[in-house]
Amino acid sequence: MSTISAPFRPQSSVRQTPTAGENYVNAAYGTRSWLLTTDHKRIALLYLVSVSSMFIIGGLAATLIRLNLLTPNGAFMTADTYNKTFTAHGIIMVFYFLVPVIPSVLGNFLLPLMIGARDLAFPRLNLASWYIYMVGAAMILWVIFSGGIDTGWTFYTPFSSKASHTDVIPAMIAIAIAGFSSIFTGLNFIVTVHYLRAPGMTWFRLPLFVWSLYATSLILLLATPVLTVALFLVAVERIFGIGIFDPALGGDPVLFQHLFWFYSHPAVYIMVLPAMGIVSEVITCFARKNIFGYPFVVAASLGIAVVGFLVWAHHMFVAGQSVYAALVFSLLSYCVAIPSAIKVFNWTATLYRGSISFRTPMLYILGFIGLFTLGGLTGLFLAALGLNVHVHDTYFIIAHFHFIMVGGTVMAYMGGLHYWWPKITGKLYPESWGRISALLIFFGFLLTFLPQFVLGYLGMPRRYFAYPPEFQVLNVLSTAGASILAVGYALPLTYLIWSLRYGPDAGPNPWEATGLEWQTPSPPPTHNFAEIPVVDCGPYEYSGEEVPDHGH
Amino acid sequence: MPSPVELFPARAAEIAYHVDALFFFLLIVTGIAAVGVFTLLIFFSVRYRRRTPPRPTPRITGHIRLELFWTTTPFLVFLVMFWWGARIYLAMAQPPAGAIDLYVVGKQWMWKVQHAQGQREINEVHIPLGQPVKLTLTSEDVIHDFFVPAFRTKIDVVPGRYVYEWFTPTVAGTYHFFCSQYCGTNHAGMRGEVYVMDPADYQQWLNLKSEGSLALEGRKLFLQLQCITCHVAGPKARAPILESLYGATIPLRGGGTAVADDNYIRESILNPQAKVVMGWEPIMPTFEGQVSEEDLIKLIAYIKSLGPGQTPQRNEESVPPPPPTETKKTESP
Ligand SMILES: [Cu+2]
Ligand SMILES: [Cu+2]
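Since this is a predicted model, take the numbers as computed values, not measurements.

Draft legend 1. Broad picture of the coordination of the copper ion (ligand 2). All names here are of chain B. Each protein donor to the copper ion (ligand 2) is listed here as Cys 179 (SG), Gln 181 (O), Cys 183 (SG) and His 187 (ND1); together their distances run 2.1 to 2.7 Å. Geometry at the copper ion (ligand 2) is tetrahedral, judged from the 4 donor atoms that bind it and their angles of 86 to 129° at the metal. Written as a sequence motif, the donor residues of the copper ion (ligand 2) are C-x1-Q-x1-C-x3-H. Here Gln 181 matches His 187 in class, with each residue buried.

If you want it as structure tokens, here you go:
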């Protein structure tokens, strides 16, 4: 299958000679060997199974939502059931899928491999992170299936603190627990990147996926505790009746929104930064090019991580905050869009004079660039104060953030999963099925969410279980798109599992990629490298030209 | 009724024209950006697709001037968007003087609307064409949001405070309004219609629905709650007189000043110790739990209307104060 005969330069010239056939999968057998493993690759697979299950449950909730919206008065659910369903969808997808998925699955598997390390800095903490995640996940599923909660994933007070009669506190505890899993993962990644880089792996030779995980980890570490505090304060008010958010008790309901979005806006970048990292890895490989503007792409990641902390109140332009605060947050929101624009331009420029092949990962990544660009551009509408007032809390917002989180994060994750699948499993997935799934997801996504922009501008509010009849046609279109999307997601689930048994062997480097992870066998041996590689160039030397010696 | 498929919302308020103009500006600018990026992506994808045999690619690592160009250009365009959006937002935040006042109380799951002349309605709002209308809104329980798509405006209705929203209707007709802040079970049912009427029809509607004006209702409450026991002129006064209070800047006990707006008066009734007027003792009891949100609006309307010399006489001095639940019909001359 190697049709790429042009020369490329791997990041290291150290030859790996593994013991034949011995790898992290077959090194030990039995449930115990998985549940007590400290191998980052095995933990990544534990996460893969867990977050995929959560994705399926969250996806089923989405299916129910879309089906119920087929008719103006709700097709089959009561108002309360509908409210619990969209709450379940939001909580599961945000806190249990989108936040952990790329760092915990692909990041966990690849971070040590990409920097030439044998494991993360704290392997046992890594396993603990997974167990903590599982406790949080089990608890939230118990809450959802034993009666559900109806606050929305945003938990706005005073609804959550005094009006809701559902299990708000257990749900909050479950989310806070999952938050600790994020904090530990972030800490582990930061220390690993600082201390475990292979000889010669300088900061500016780091693959961009590593940089993006590093920036993400900073956010995880700094923002998650604020969410924990916010949820804790709601619990205090609910249990002890101490007035923090309820004005009847002397509290301020809008204070909660400040705390909540101080986490949840940066959380958007927790979800999308690692996705951007994947894009840089895949696009360079399938265009056979150096990334265009490496230092600018890195600076953009760090810029997003920093400025992302300064825009939270753009979620509150109609919440009665001061006009001057709104002006500042609007301007800062425009500023945070610039690094994302820089990235899109650099990816596009990377294609220039490339040798582009349209394998499945590349199709997903091109899909990402298209959808993420549209998601980002519609964000400019929301940052404009006077226009935000009209579209705030409508389907325009729903469409916008699904473009970023599903069109962005999930597309890139699927691209990354296909790209590294041969490395993770040692098997190739079926290429034509892969391409079909990428196209179905892309077009299904557009059909699902483009009508929602129109609905939003028409004024359909979010979280409406029933709506005026003139909104029906667009809702039906959206549900039709969602059914295509569902098929698109079901396909990879099927053929990737199929490939575990029937897929052809991948070999160490099926894409002829340059990164360190491709210079060790597939699947990698337990300790990743027979010999620690020595890095002597940057991560994307795909061109046929001589690499100039930087001199050290 | 509207046609079965709508693609663009009705536009029926002055500000809506400005919002739509900004919307189309953004649509055009972002459209150009999207078409530009997608054209390049597709062009590169076709032009530089992999050939057989593959050709080696050049080693291109970046271009500083290009980076500067595509960093500063978006920034300048964004500044225009920011400025334009801010202008509209500032206009939305400043209700014009002389607007028709409407008072709206949201609760799970209905909207109660009171007109200055006392007309009340539920989940319906009748307003005249061509005149600015100012809503003063609050909530009895959780956060709601009053959203009129045809007017392109909304505001979160937060319990415990007053918020404001205003618009000048430009086209007669019937328009939806929605609660757009999730508020529990029947959030989706918390909606209604705004009727924009010809001024003549509106006047007729007002006459048909006429009851005692809000200020008059407030006056009754003022007497009934024994406010005049203390808030009187002369030597018997134990609290400041409230004539011409509304909108005034008042000095506070312990330093500082406050503007006597709706939120200040509301707070002074529910939590009198919070901001005591300079020169008076903090002796007023709280009325928290005794006056509903709607009664508060009536009291404030009365205090607003109270001109010099209009405080009622304390003509029931000798009568012992009745328990607060008992209705007292006594009127001063
Ligand atoms: Cu945000
Ligand atoms: Cu509501």
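Draft legend 2. A look at the pattern of salt bridges. What the rule picks out here adds up to 20 salt bridges over all chains. With a closest N to O distance of 2.9 Å, A:Asp252 and B:Arg161 form a salt bridge. Taken together, the residues span two chains, with A:Asp252 in the loop between α7 (208-240) and α8 (253-287) and B:Arg161 in the loop between β7 (153-157) and β8 (163-167). The exposure class assigned to A:Asp252 is partly exposed, which follows from its relative accessible area of 30%. By relative accessible area, B:Arg161 is classed as partly exposed at 25%. A salt bridge links B:Asp20 to B:Arg11; the nearest nitrogen and oxygen atoms lie 2.8 Å apart.

Draft legend 3. Up close: the interface of chain B and chain A. With 84 residues of chain B at the contact, the number on the chain A side is 103 residues. Of all residues in chain B, B:Arg50, B:Arg59 and B:Tyr182 bury the most surface against chain A, accounting for 11% of the area lost on that side. Where chain B packs against chain A, one counts 2 salt bridges. Looking at the side of chain B that touches chain A, the elements with two or more residues in it are α1 (14-47), α2 (64-93), β6 (144-148), β7 and β9 (173-179) of chain B. For the side of chain B that touches chain A, the class distribution of residues is 52 nonpolar, 18 polar and 14 charged.

Draft legend 4. Examining the coordination of the copper ion (ligand 1) more closely. All names here are of chain A. Within the first shell, the copper ion (ligand 1) binds the protein through His 265 (ND1), His 314 (NE2) and His 315 (NE2), at distances of 1.6 to 2.1 Å. In the primary sequence, the donor residues of the copper ion (ligand 1) line up as H-x48-H-H. Of this pair, His 265 sits in helix α8 while His 315 sits in the loop between α9 (294-307) and α10 (323-351), and the two are 50 residues apart along the sequence.

Draft legend 5. Seen up close, the nonpolar core. If you look at the biggest cluster of nonpolar residues, it comprises 255 residues, and the most contacted ones within it are A:Tyr96, A:Leu106 and B:Phe151. The biggest single contributor to this core is helix α3 (residues 79-115) of chain A, with 23 residues. Of all hydrophobic cores here, the second largest spans 33 residues; its members include B:Tyr103, B:Cys227, B:Ile265 and B:Leu306.

Draft legend 6. Representation of unusual backbone geometry in the model. Residues and elements named next belong to chain A. A cis amide bond links Thr 157 to the next residue, Pro 158, at an omega of -5°. Inspection of the secondary structure assignment puts Pro 158 in the loop between α4 (123-145) and α5 (159-163). Note that the residue after Ser 522, namely Pro 523, is joined by a cis bond; omega there is -15°. Of note, Pro 523 is situated in the segment after α15 (472-502). With a phi angle near 60°, Asp 393 is a residue other than glycine that sits in the positive phi range.

Draft legend 7. Spotlight on helix α6 (residues 293-305) of chain B. Residue and element names in this part refer to chain B. For α6, built from 13 residues, the straight-helix expectation of 18 Å at 1.5 Å per residue is met to within 8% by its first-to-last C-alpha distance of 19 Å. Burial of α6 is extensive: 11 of the 13 residues sit out of reach of the surface. Within α6 the residues assigned to the buried category are Glu 293, Glu 294, Asp 295, Leu 296, Ile 297, Lys 298, Leu 299, Ile 300, Ala 301, Tyr 302 and Ile 303. Tucked into the core, α6 has its buried residues touching β1 (100-107), β2 (110-115), β3 (120-122), β5 (133-139), α4 (214-224) and α5 (262-270).

Draft legend 8. Examining the domain arrangement of chain B more closely. Residue and element names in this part refer to chain B. One can read the domain layout of chain B as domain 1 (8-41 + 64-212) and domain 2 (214-305). Centre-to-centre, using C-alpha coordinates, domain 1 lies 31 Å away from domain 2. Taken together, the contact pairs 19 residues of domain 1 with 13 residues of domain 2. Together, the buried faces of domain 1 and domain 2 total about 1,400 Å²; carbon and sulfur atoms form 49% of this surface. Of all residues in domain 1, Tyr 103, Gln 114 and Tyr 162 bury the most surface against domain 2, accounting for 43% of the area lost on that side. Counting across the domain 1 and domain 2 interface gives 2 salt bridges. The partner of Lys 112 in a salt bridge is Glu 294, with the nearest N and O atoms 2.7 Å apart. Where domain 1 packs against domain 2, one counts 5 residue pairs in polar contact (both at pLDDT 80 or more). Only β1, β2 and β5 provide two or more residues apiece to the side of domain 1 that touches domain 2. For the side of domain 1 that touches domain 2, a count of residues per class yields 5 nonpolar, 9 polar and 5 charged.

Draft legend 9. Highlighting the sheet that holds β3(B). All names here are of chain B. Overall, mixed pairing links the 5 strands, which are arranged β3-β2-β1-β5-β8 in an open sheet. Each edge of the open sheet is held by one strand with a lone partner, namely β3 and β8. Going from strand to strand, the sheet's axes swing by 25° on average, the running direction of each strand aside. Relative to β2, β1 runs antiparallel, the two being bridged by 6 bridges. The residue bridging Tyr 103 from the neighbouring strand is Gln 114, located in β2. Docked against the sheet, α6 engages β1, β2, β3 and β5, running at close to 160° with respect to β1.

Draft legend 10. Local environment of the sheet that holds β6(B). Residue and element names in this part refer to chain B. Taken together, the 5 strands give an open sheet; going across it, the order is β4-β10-β9-β6-β7, and neighbouring strands pair in mixed fashion. Two strands bound the open sheet, and with one partner strand each, they are β4 (124-128) and β7. Across this sheet, the average inter-strand angle for adjacent strands is 20°, counted without regard to direction. Pairing between β6 and β7: 5 bridges, direction antiparallel. Across the sheet, residue Val 148 finds its bridge partner in β7, namely Thr 153. Strands in contact with helix α3 (residues 199-208) are β4 and β10 (191-197); relative to β4, the strand with the most contacts, it is inclined by about 130°.

What counts as what
Residues numbered from 1 in each chain as written. Chains lettered and ligands numbered in written order. Predicted model: local features only at pLDDT ≥ 70, side-chain atom pairs only at ≥ 80, totals over all residues. Heavy atoms only, no water. Donors = N, O, S within 2.8 Å, 3.2 Å for Na, K, Ca; no water. Tetrahedral: all angles 85-135°; square planar, octahedral: opposite > 155°, others 65-115°. Buried < 20%, exposed > 50% of the residue type's maximum accessible area, 1.4 Å probe, protein only. Salt bridge = Lys/Arg side-chain N within 4 Å of Asp/Glu carboxyl O. Helix = DSSP H or I, 4+ residues; strand = E, 2+ residues; numbered from the N terminus. Contact = heavy atoms within 4.5 Å. Buried area = accessible area lost by both parts, 1.4 Å probe. Nonpolar A, V, L, I, M, F, W, Y, C, P; charged D, E, K, R; others polar. Core = buried A, V, L, I, M, F, W, Y, C linked by side-chain atoms within 4.5 Å. Expected span 1.5 Å × (residues − 1). Domains from an automatic or database assignment. Polar contact = N/O pair within 3.5 Å; in protein donor to acceptor, adjacent residues only side chain to side chain. Pairing = 2+ DSSP bridges. Axes fitted to C-alpha atoms, helices over the stretch in contact; angles between N-to-C directions.

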